[in-house]
Every structure is written in structure tokens, then in C-alpha cells.
Amino acid sequence: MSTEARVAWRHMWQKFFVVRPRRELREFYWFSALFWLSASLVTIFEPVFFYKIGIPISKIAIYYALHYIAYLLILPLAGKFTSRFGLERSLTFAAPLLMVYLLILSAIPMQPTLFWIAWVCLAVFKVFFWPANYAMYARFSQQSDRGTEISFGIVIEYLAGIVGPFLGGIIATAFGFPMLFVTAAGAALVSSVPLLKTREKFTIRSFSYSAPWRIIRSAMHRNLVLSTTAWGEHLIMMVFWPMFAFSVLGSAAVLGSIVSLSVLFVAVFSLVVGELTDHYTERRVARVSLPFMILGHLVRPLAASPLGVWLVHTFTMTADAGVRIPFWSRLFGAARRAGSIKYVIAFEMWLCVIKALTALGLAVVFATLAPTQAFTVTFVIAALFSLFYFFM
């Protein structure tokens, strides 16, 4: 290889994966590292906890349906709050709310009626967290590096996810799920510290309750709304797949270890996807991974051993990153043009509609079919939902 070729090759790799985020995004990355470390302790174990203490899967589905209905109704309040007080303050409020929710979960074995109260607290936490979380990328990411900056945030989440599920599985196995939730609650409280270093600069704006609904109904945003419909599969991946995997593995520690082993490979792949998203169209990048996402959902019922669960989980999560990072890049680009907070709230509201309807439908499926058949139908539904990503 000539000297000129070596210099050009080195220069290309020096540019590859370079992230120079704005100050607001740097602080947000530190918050994300601490927050996702606490959240990853429990995320995959939340539905498993309900399943393990004997709550029927149909009732667990109703729990999430009620949660998303409540979240939908109060979501516009997030727009009013962040328009008045800023994104960082909204995220700061979210951390103690997550702590309260986890403490409520830890008390359910002693007071089962809390199961029907916890979903309200979860909805309130999400109101302060998710719209502000998405709006941070929409408002502060740079157009030329948006894919890389998004993937860098995803990698931070995944790296926290290497440690979290492994530790969470050990804590849940050794000390029980209530102790796991208390531990995660304490960690969540610390996560807001990086956002308190500097005061966010923002302009106070008004926010209309009807604004997100106008975006959802607009013909201009129809393809993005249709592709958001695909997020019904995300509910299945986050709630029903962990319960199925736990029923195969029989151990929270093994489940946590499998998730942690999967995450490292997915994290590296996410960086590559972020760079590709900056150099090619989001639709082109997503459509390469989409067939693999669909296939991953269809083979989930075949995971009948620890190795099978690991292979299916790694394969599907990798394909998921290949689709979801371009989707977010497209969403945040549109949000920046249309108004970041009202646009991401519109996205979240439509997502709530889809996930609530999906959960209600799956409650019927699990109430009428045997578990093995119900899980198979559920994963086929996830594959069908994934087809909506073709509208990106």
C-alpha cells in the first residue's frame, strides 16, 4: 500500500466514529450513562417479576394497556412542562419518579393491590422522561452527525446494559426482586446529578394540547406516523419476550447474563449503523436490516435452550439497532424542523395508541390460548408489525 493510500485510510478512520457533541448533549450523555445503568438493572426483569409472582400473562398485558392509556392522556402535560421549564429540568424530575415506581414494585409481594396502582406512577415518570429524552437529540444534535450522535447515545445505553442485567440477575436470584428494585431506585436518584452542573438556556414557549394531534393527522407526516405503528413489536420485545425467555431458562441470573453477553456485539454494530445513517438515506440503511428483524421475531418460538435464547436475542437486537437508529435519525430531523417537543410528543402519543391496542389484543390472546400457542401468535404479530417500517 502506498504512503498516500495509508494516509487516506488513516484519515478516514480518524473521521469515522468521531463525536463532537454540543455541551448540552455531553451532559445528557453522562446522565444517560448513570440513568441507564440503574434502569438496566430492572428493565428486562419488570415483566418477569410479575410473571414470577404468579400474575397471569393476560393481566400483565392489561397492566401495560392501562399504563399506555394513562400515558396517552397526560402526555401533552409534558409539552407544557418542558416548554415552561426546559428539557434538563424535566429529566431531573424523572429520576426520583422512577425511584418511587421501583419502590412501589418492591412492595407488591407484601401488598398485591399496588399492582393496579404502579402503572399510574410509571406513566407519570415517562411523561417527564421520554419526550425530553427524544427532544434532547432533536434539539441539540448536529444535522451532519445526527446518526453518529444518536448511535453514541445508544451505545452508552447498551454499555450500561452489559453491567445492569448481569448484576440485576444476580441480585434478583440471591436476594429477591424487591431488593433489586430498591437497589435500582437508589441508583436512579444519583443519575440526575450531571444535569445540575449548568443551567439550561431555553426560551419559554406556549404549548397547545391539540398540536401533537394535528401532526399525527397531517398528510405531510403520514409515512412517519405509519412507520411508528411498527412500534407494536417493541412492546412485544420488551414485555413478552423476557417472560418467554425466563420460562425457557428458569433463572433470572441466566437471563441477565445472556442479555449482557448480547449487548456488547449490538453496541459495536450500533456505531457502524450510526455512521452509515450519516452517509446514506435513513430508509436505505433501515431496509437492509428490516428483513432480519422480521426473521428474528419469527424464530423466537424456536429458542428452547440457553444457547437458543442467546442466539435469537443477539440476532434480533442487532437487526433492531439497524432499523431503529435510522428511524430515530429521521424522526429527530423532522422534529427539529417542525418543533422538537411537540413533534416527539406526537410520536409518543401515537406510539401509546398502538401499544395500548396491542396489549389489549394480547390480553385476549393469552386469556384464550395455551401459553405456548399464545407466545407463537404474539411473535408472529411482532413480525407483522415490523412491516410498517417499510413506510419510513
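All values derive from a computational prediction rather than experimental measurement. Numbers given to residues run from 1 along each chain, matching the order in which its sequence is written. Given that the model is predicted, a residue must reach a pLDDT of at least 70 before its local features are reported, and side-chain atom pairs must reach 80 or more before they are shown or counted; all residues, however, enter totals for whole chains, interfaces and linings. The side-chain figures draw on all heavy atoms in the structure; neither hydrogens nor water molecules are used.

Colleague: Tell me about the packing of aromatic side chains, residues and numbers included.
Modeller: Centres within 6.5 Å are what make two rings of Phe, Tyr or Trp a pair, Trp counting through its six-membered ring; a difference in plane orientation under 30 degrees is then read as stacked, over 60 as edge-to-face, and the rest as tilted. Applying the stated criterion across every chain yields a total of 35 aromatic pairs. Between Phe 49 and Phe 177, the aromatic rings sit 5.6 Å apart at their centres with planes inclined by 50°, giving tilted as the arrangement. Of this pair, Phe 49 sits in helix 3 (residues 45–52) while Phe 177 is found in helix 8 (residues 177–190), placing the two residues 128 residues apart along the sequence. Buried means the residue's accessible area, taken with a 1.4 Å probe over protein chains only, is under 20% of the maximum for its type, while exposed means over 50%, and partly exposed covers the values in between. Judged by its relative accessible area of 6%, Phe 177 is buried. What links up through ring pairs into an aromatic cluster is the set Phe 45, Phe 49, Phe 50, Tyr 63, Tyr 64, Phe 115, Trp 116, Phe 177 and Phe 181. The ring of Trp 241 carries the charged tip of Arg 300 above its face, separated from the ring centre by 4.6 Å. Sitting over the face of the ring of Trp 231, Arg 324 holds its NZ or CZ atom 4.4 Å from the ring centroid. Secondary structure elements are defined from DSSP: runs of H or I of at least 4 residues count as helices, runs of E of at least 2 residues count as strands, and each element is numbered from the N terminus. The rule for a charge over a ring is simple: NZ of Lys or CZ of Arg within 6 Å of the ring centre, and within 35 degrees of the ring normal.

Colleague: Describe the pattern of salt bridges, and please don't skip the residues or the numbers.
Modeller: One speaks of a salt bridge when a side-chain nitrogen belonging to Lys or Arg is within 4 Å of a carboxyl oxygen belonging to Asp or Glu. Applying the stated criterion across every chain yields a total of two salt bridges. Of the charged contacts in the structure, one is a salt bridge between Arg 324 and Glu 233, with a shortest N-O distance of 2.6 Å. Taken together, the residues span a long stretch of sequence, with Arg 324 in helix 14 (residues 306–338) and Glu 233 in helix 11 (residues 232–249) at a distance of 91 residues. Side by side, Arg 324 and Glu 233 carry an identical accessibility label, which is buried. Between Asp 320 and Arg 324 there is a salt bridge whose closest N-O contact spans 2.2 Å. Of the two residues, Asp 320 and Arg 324 both sit in helix 14, four residues apart, roughly one turn of that helix. In this structure Arg 324 comes out as buried when scored by relative accessible area, which is 3%. Connected via shared salt-bridge partners are Glu 233, Asp 320 and Arg 324.

Colleague: Describe the side chain of His 313, with residues and values.
Modeller: Of note, His 313 is situated in helix 14. Other than its neighbours up to four places away in sequence, His 313 contacts Trp 241, Val 259 and Ser 262. Whether two residues are in contact is decided by their heavy atoms: any pair within 4.5 Å suffices.

Colleague: I'd like to hear about the nonpolar core, residue by residue, with values.
Modeller: Buried residues of nine kinds, namely Ala, Val, Leu, Ile, Met, Phe, Trp, Tyr and Cys, make up a nonpolar core once their side-chain atoms join them within 4.5 Å. Counting 136 residues, the largest nonpolar core has Phe 50, Tyr 63, Tyr 101 and Phe 240 as its most contacted members. Residue contributions to this core peak at 17 residues, all from helix 6 (residues 115–140). With residues near it in sequence (within four places) discarded, Phe 240 still touches Ile 57, Ala 61, Leu 235, Leu 362, Phe 366, Phe 375, Thr 378 and Phe 379.

Colleague: Let's hear about the confidence of the model for the chain: which residues, and what values?
Modeller: Within a predicted model, pLDDT stands for the predictor's per-residue confidence, ranging from 0 to 100. The predicted model of the chain has a mean per-residue pLDDT of 83, with 88% of residues at 70 or higher. When the criterion is pLDDT under 50, residues 11–17 qualifies, and its contacts beyond four places in sequence or with other chains add up to six contacts.

Colleague: Tell me about the packing of helix 4 (residues 57–85) against helix 6, and please be specific about residues and values.
Modeller: Orientation of helix 4 relative to helix 6, taken along the N-to-C sense of each, is 40°, at an axis distance of 7 Å. In terms of orientation, helix 4 lies oblique with respect to helix 6. As for how helix 4 packs across helix 6, the hand of that crossing is right-handed. Ten residue types, Ala, Val, Leu, Ile, Met, Phe, Trp, Tyr, Cys and Pro, are classed as nonpolar, four, Asp, Glu, Lys and Arg, as charged, and the remainder, Gly among them, as polar. Here the residues of the contact of helix 4 with helix 6 sort into 23 nonpolar, two polar and two charged. The axes used here are C-alpha line fits, helices contributing only the stretch in contact, and every angle between their N-to-C directions lies in the interval 0 to 180 degrees. Orientation is classified from the angle alone, with under 35 degrees giving roughly parallel, over 145 giving roughly antiparallel, 65 to 115 giving roughly perpendicular, and any other angle giving oblique. Left-handed describes a crossing whose near helix is turned anticlockwise from the far helix by less than a right angle; the clockwise case is right-handed.

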